[in-house]
Amino acid sequence: MLWVLYDRVLRITPETADDPDRDRFLLSKGHAVAGYYAVLAAKGFLPDHWLDDQGGPDSRLGDHPDRLLVPGVEIGSGSLGHGLGLGVGTALGLRAQGRTDPRVYVLLGDAELDEGSNHEAIAYAGATGLVNLTAIVLDNRSASHGWPGGAASRFTVNGWTAATVDGRDHDALHTALTGHDPHRPHVVVAVVTDGEQP
Amino acid sequence: MRETFIDTMTGLLAEDPRTAVVLADISAASFAPAARRHPDRVLNVGIREQLLIGVAGGLALTGLRPVAHSYAPFLIERAYEQIKLDLDHQGAEAVLVGIGASYDRAEAGRTHLSPADVALIDSLHGWTVHVPGHPGEVAPLLRAAVAADSSAYLRLSTQRNTRAYPGGGDLRVVRDAGPGATLLVAVGPVLDAALAAVADLPVTVAYTHRPRPFDVAGLRALAGTEVVLVEPYLAGTSARVVSEALADRPHRLLSLGVGRAELRRYGTAEDHTRWHGLDAAGLRRSVDSFLGELSAVS
C-alpha cells in the first residue's frame, strides 16, 4: 500500500515536501512505521542510514513518527484515532484556501476504527461531501469484534464511496486509490489477511 | 462575554482570511450570519468535540489560524487528548474559547462544570491562558490571541467584575497597602469579591486576567512574605507558579479557588461561589484565618 501510494499516487517529492499544493499522506496507524520509514528513505525524504538506529537516543525515528523530526511526515501519530480528524481538518483548510487540486490520504487500520473519534470524522466528512479526502483502511482482520458487512460499510452508510480490494494487488490498489468520486469522500479498504479473499 | 466573543470573532473573520472558527453546535446559531458569508471558514462539526479539535489541528497544519469554541467541559476535558496530540504534538497552534467556566450553569449539574480546565491546559507547555473578569476585556484579548502565533485558551464566564481592566495581563495593582503588605492576587471575575473581602485590611490587591504565562516579575516586585491567591477555578492551580517565583525568599502562600470535592448540589453560580468560599465573606474568613495564623506565630 505505502509503495503504491508513494510510487504511483501521491504528488509529493522531497523537493515539494513543503509545497502548499502537495498531496498529503497522514499515517494514522502510527505503529506501522517500519515500512513508512523505508518508503520515505527509498523516495529520498530521509537518508538510508537513519533506518539503522530507530529508537536510539539520538535517532529521529521513533516507534511512532514525529512530524517535527522526520522530513516528509505530515502528522505525529501513535495514539489511534487521531489521523482522520486531522485529515478532515487538513482537507477543510485546503478547501478554505481555494486549493482544490491537492488530495488528503489517511491510512488507518481496521482495529483502529474501534476508536469513536473515527466515527465523528467519517460522519462529518460524508455529510459535508468532503471531496478531497481519501481514507485507506488496511484490513488485516484485527478488530476484536470485526465489522459485519465489511469495514467499508462504516463509510458508505455515511455517504462515502468505497472500494474493497486485495491489499497485495498493486494495480487493484492503484485503481481503487485513483477512482474517487468528484462529489464525495472516498475510502479504500485493502484486505491483507493471508488466504482470505476480499 | 460570549456575545462579545461572537461579535469580535465575526469581525475577525471578515478582516483576516487566515482565521477560521470551528464549532460543535454550541453558539452555531449565533455564528450563522458569519457562516453564510464565510462558509469555508465557519465550520460546525456537530456534537463532535474530538473532531472539533482534530479539525482545528488540521486547519492549522494548512496555515490557517483556527479558533475552536464550545462549552468548557467539552472543549477542554472531553477533547484533552486531541488538544495534547492534534495541536501540541503536531506543533499546530489554535485559540480555544470556552464558556461555562467552573459553574456558570450550576443548575445543570456536574456534567457542565469545568473547574479543572485551566489546570489541564497548564499541564501543557507554552500556552497563554486568559480569564477575563469583564466583557470589556474580551475583545482585545481575543484579537491579541488570534494575532499571535502560539496557542491560547480564553475562559469566558457569566461571572464578572463591575469594571474592566484591559491590558496585556501583567499584575495590576488595584489597591495598594504599601511596602511589605500582604499581597492578594485575584484572577479574573473574583476581583470584586476579593476587594470587598479585604477592604479594611492592610492588603495590597493585584489583578490579572492572564494566569499563563503568569507575571512572575510583577509578583516578585509586589510580594512580601504573605501571598493570597484567589482563582475562579481549581484551588491551587497557580500555587506551583507562585512557589517557584518566590522560591528564593521565605514566604507563606494561601491558595483559594474551587474545591475538588463534588458538591452534588445545583442552585446558582452565586450559591456555588459561596459554597466554595469565594464570596466576600468566605474569602474574608480564609484571609483572617491565614493572617491570624501569622499573628499567632509572631
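Residues numbered from 1 in each chain as written. Chains lettered and ligands numbered in written order. Predicted model: local features only at pLDDT ≥ 70, side-chain atom pairs only at ≥ 80, totals over all residues.

The next subject is the domain arrangement of chain B. All names here are of chain B. Each domain of chain B was delimited in the assignment, giving domain 1 (2-155) and domain 2 (172-297). Spacing between the C-alpha centres of domain 1 and domain 2 amounts to 27 Å. In this assembly, 23 residues from domain 1 lie in contact with 21 residues from domain 2. Secondary structure elements with two or more residues in the side of domain 1 that touches domain 2: α6 (117-122), β5 (128-130) and α7 (135-147). Partitioning the side of domain 1 that touches domain 2 into residue classes produces twelve nonpolar, five polar and six charged. (Domains from an automatic or database assignment. Contact = placed C-beta atoms within 7 Å. Helix = DSSP H or I, 4+ residues; strand = E, 2+ residues; numbered from the N terminus. Nonpolar A, V, L, I, M, F, W, Y, C, P; charged D, E, K, R; others polar.)

Here we come to the nonpolar core. One finds V88(A), I136(A), A194(B) and V230(B) to be the most contacted residues of the largest nonpolar core, which totals 144 residues. No other element matches the eight residues that helix α3 (residues 49-61) of chain B contributes to this core. Setting aside anything within four residues of it in sequence, one finds I136(A) in contact with M1(A), Y105(A), V106(A), L107(A), L108(A), V188(A) and A190(A). (Core = buried A, V, L, I, M, F, W, Y, C linked by C-beta atoms within 7 Å. Buried ≥ 20, exposed ≤ 12 C-beta atoms within 10 Å, placed from the backbone.)

Once that is clear, we can look at unusual backbone geometry. Residues and elements named next belong to chain B. The omega torsion across R212 and P213 is -10°, close enough to zero to call that bond cis. Along the chain, the position of P213 falls in the loop between β9 (203-208) and α9 (216-222). The residue A101 is not glycine, and still its phi comes out positive at about 50°. With respect to the secondary-structure elements, A101 resides in the loop between β4 (95-99) and α6.

What follows covers the sheet that holds strand β2 (residues 104-109) of chain A. In a beta sheet, neighbouring strands are held together by backbone hydrogen bonds and run either parallel or antiparallel to one another. All names here are of chain A. As summarised here, the arrangement of the five strands in space is β1-β2-β3-β5-β4, forming an open sheet in which the pairing is parallel. Edge strands, defined here as strands with exactly one partner in the open sheet, are β1 (24-27) and β4 (161-166). Geometrically, the sheet is characterised by an average inter-axis angle of 20° between neighbouring strands, direction not taken into account. Pairing of β1 with β2 involves four bridges; the strand directions are parallel. By the bridge assignment, L27 is partnered in β2 with L107. (Pairing = 2+ DSSP bridges. Axes fitted to C-alpha atoms, helices over the stretch in contact; angles between N-to-C directions.)

Residue and element names in this part refer to chain A. Mapped onto the fold, T178 is located in the loop between α6 (170-177) and β5 (186-191). We classify T178 as partly exposed; it has 13 C-beta atoms within 10 Å. Considered as a pair, T178 and T134 are 44 residues apart in the sequence and their alpha carbons are 9.5 Å apart.

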